[in-house]
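So you can see what is in the structure, the chains are spelled out below.
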Amino acid sequence: MIKAGIIGATGYAGAELVRILLRHKQVEIQWLGSRSYVDQKYASIYQNMFEIVQGTCLDDNLDELVSQADVVFTATPQGFLASVMKEEYLEKAKFIDLSADYRLKDIDVYEHWYQIKHKSPQFVEEAVYGLCEINREKVKSARLVANPGCYTTCSILTAYPLVKEGLIDLDTLIIDAKSGTSGAGRGAKVNNLFCEVNENIKAYGITTHRHTPEIEEQLGYAAGRKIKVSFTPHLVPMNRGILAVEYASLVKNSDGSLPTDVQIRNAYKKYYEHEKFIRLLEPDVFPETRWVEGSNYVDINFKIDERTGRIIMLGALDNLVKGAAGAAVQNMNLLFGLPETEGLDFVPLFP
C-alpha cells in the first residue's frame, strides 16, 4: 500500500483528495494535515466523512510526515512548499504540489505574478508540470510534480492539439473562462459570501490573473515559441466547474482555404483519441459543466466560424477534480506505476 500524506486536507482541494483516495485500492491515508484544525476530528469538519474517516487533523510537520509517507500532497497556499522544501524531503518521499510554487520555470515571472520571493528556486528546474496528457513520461520519473491550475488545465487542453499542429494563429488567442466559487478556496472572504455571489456574474483578475503566465508557458512549449494570450476569468454562482471558451483566427491551408471540420477533428483525435479523461464531443454538442461535475473528465469541442475565419474552442471540467485533486491522483498513479485511472473512474454526478 502507498502511504499518503496531505497537507491542507481541510481545504476544498484537500477534502477532494481525501474523498478520492478513500476509494483508491492501493492507497492508505497516513496524515491529514491542517494548520487551522490541529487535533480536531476530520469528520467534525466535513460531516460527510462521519463514520468514514476516523482520523484527527495533524499539523504540517514535514520532517515527521516524510518519515511516514511515500507521497505527500500539498494543497496549500502559494509559497508554503517553496519555503520549506529540502533535498532530504525529496529523498524520502515524492511530492505533488497543488500550488503554483513549481509550475513556472522562470523565477522572475513567478515572483512578478505572485508577488512573493521564491524560497527554493533550486528545485524548479527538476519539477515536472503534471498535466498528464502532455507530460506523461516525464511525470513517471519525477520526484516533484507541479500540479496544474484549474483554469490552466481547461484552457491548455482545449487548445493544445491545434497549437501543436499550427492550425491557429496564437497571436489572436483569447480565452474567456468561467468558474464556480469553490475555485476561490474555503477561506472566508467577503467577495465570496452568498449575497455577493448569488444572482451575479463578474469578471475578475482582468489582465492580472495568475494563471495567465502558466497558460502562456505551456502553450508556448507546444508552439515552440513564446506567446501571449488574453485571459479573462469570471466568477459564476455555482459550486463547481469551469467552462473555457477560446477564440482564435485559423491559419489558412496552402491553397488559401480555411481548415475544415474534419481537419480540426482529426487534430484533436491525434492527441486525445486514446486519452481516458478527455472526451471529444460529437459535432454540435458543446461542453457544459453539469456533465463533468464530480469527475476527472474534460469535455471538449469546437465550432468553425467561416464568416470571420475564426474558431471557437470549448472545454469544461470540474475545478476540484480534474482541475486539482483528480489530476493530483492521476499524477500519483503515474509516479507509482499504477493504472492511470485507478481511483478516478467514477461517473459524473447529475443532477
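Scroll up to find the structure.
Residues numbered from 1 in each chain as written. Predicted model: local features only at pLDDT ≥ 70, side-chain atom pairs only at ≥ 80, totals over all residues. Heavy atoms only, no water.

> Would you explain the packing of aromatic side chains in this entry?
For any pair of aromatic rings, the description consists of the separation of the ring centres together with the inter-plane angle of the planes. A full pass over the atoms with the stated rule returns nine aromatic pairs. Here Y42 and Y46 contribute two aromatic rings whose centre-to-centre distance is 5.8 Å and whose plane-to-plane angle is 35°, an arrangement assigned as tilted. Across the pair, exposure class does not vary: Y42 and Y46 are buried alike. Each ring, one from Y268 and one from F302, has its centre 5.8 Å from the other, and the planes form 15°; the classification is stacked. Residue Y268 is located in helix α11 (residues 261–272), and its partner F302 is located in strand β12 (residues 298–305); the two are separated by 34 residues in the primary sequence. Relative accessible area serves as the criterion here: at 3%, F302 is assigned to the buried category. Here the aromatic cluster, defined as three or more aromatic residues joined through ring pairs, consists of Y268, Y272 and F302. Taking the ring centre of F346 as reference, the NZ or CZ of R19 above it sits at 5.3 Å. (Phe/Tyr/Trp six-rings, centres within 6.5 Å; stacked < 30°, edge-to-face > 60°. Buried < 20%, exposed > 50% of the residue type's maximum accessible area, 1.4 Å probe, protein only. Helix = DSSP H or I, 4+ residues; strand = E, 2+ residues; numbered from the N terminus. Lys NZ or Arg CZ within 6 Å of the ring centre and 35° of its normal.)

> Even after reading the chapter, I still don't get the environment of G241, so can you show me in this structure?
Counting through the fold element by element, G241 comes out in the loop between β9 (230–235) and β10 (242–249). In this structure G241 comes out as buried when scored by relative accessible area, which is 2%. When the C-alpha positions of G241 and E111 are compared, they lie 28 Å apart, and in sequence the two are 130 residues distant. Among all residues touching G241, those that are not within four sequence positions of it are K178, S179, G180, T289, L317, D318 and N319. (Contact = heavy atoms within 4.5 Å.)

> I'm lost on the side chain of Q218 in this one. Help?
Within the secondary structure, Q218 sits in helix α10 (residues 212–223). Discounting residues that sit within four places of it in the chain, Q218 has contacts with R103, Y129, N135 and I156.

> Help me out: how do you make sense of the nonpolar core in this one?
Note that soluble globular proteins tend to have their nonpolar side chains buried in a common cluster. Judged by nonpolar contacts, the single largest core of 44 residues is most densely connected at Y42, F73 and I96. Those elements that provide at least two residues to this core are β1 (2–7), α1 (12–22), β2 (27–33), α2 (42–45), β3 (71–74), α7 (132–140) and α12 (321–335). If we skip the residues at most four places from it in the chain, Y42 touches A9, T10, G14, A15, V18, L32, M49, V53, G55, T56 and C57. (Core = buried A, V, L, I, M, F, W, Y, C linked by side-chain atoms within 4.5 Å.)

> Quick question: what am I supposed to make of the layout of surface pockets here?
Empty space among the atoms becomes visible once a probe the size of a water molecule is rolled across them. Of the volumes computed, that of the largest pocket is approximately 1500 Å³. Residue lining of the largest pocket: 48 residues in total, with Q78, G183, A184, G185 and K189 positioned closest to the centre. Listing elements by their share of the lining of the largest pocket, those giving two or more residues are α1, α8 (150–164) and α12. Of the residues belonging to the lining of the largest pocket, the class tally is 17 nonpolar, 24 polar and seven charged. Considered as a void within the structure, the second largest pocket measures approximately 510 Å³ in volume. Elements supplying a minimum of two residues to the lining of the second largest pocket: α1 and α9 (194–197). If one sorts the elements of the lining of the second largest pocket by residue count, α1 sits on top with four residues. (1 Å grid on protein atoms, 1.4 Å probe; cavity = no way out; pocket = protein on both sides within 12 Å on 5 of 7 lines; lining within 4 Å. Points joined across faces, edges and corners; volume = space filled by probe spheres on them. Nonpolar A, V, L, I, M, F, W, Y, C, P; charged D, E, K, R; others polar.)

Just geometry here; none of it tells us what the structure is for.
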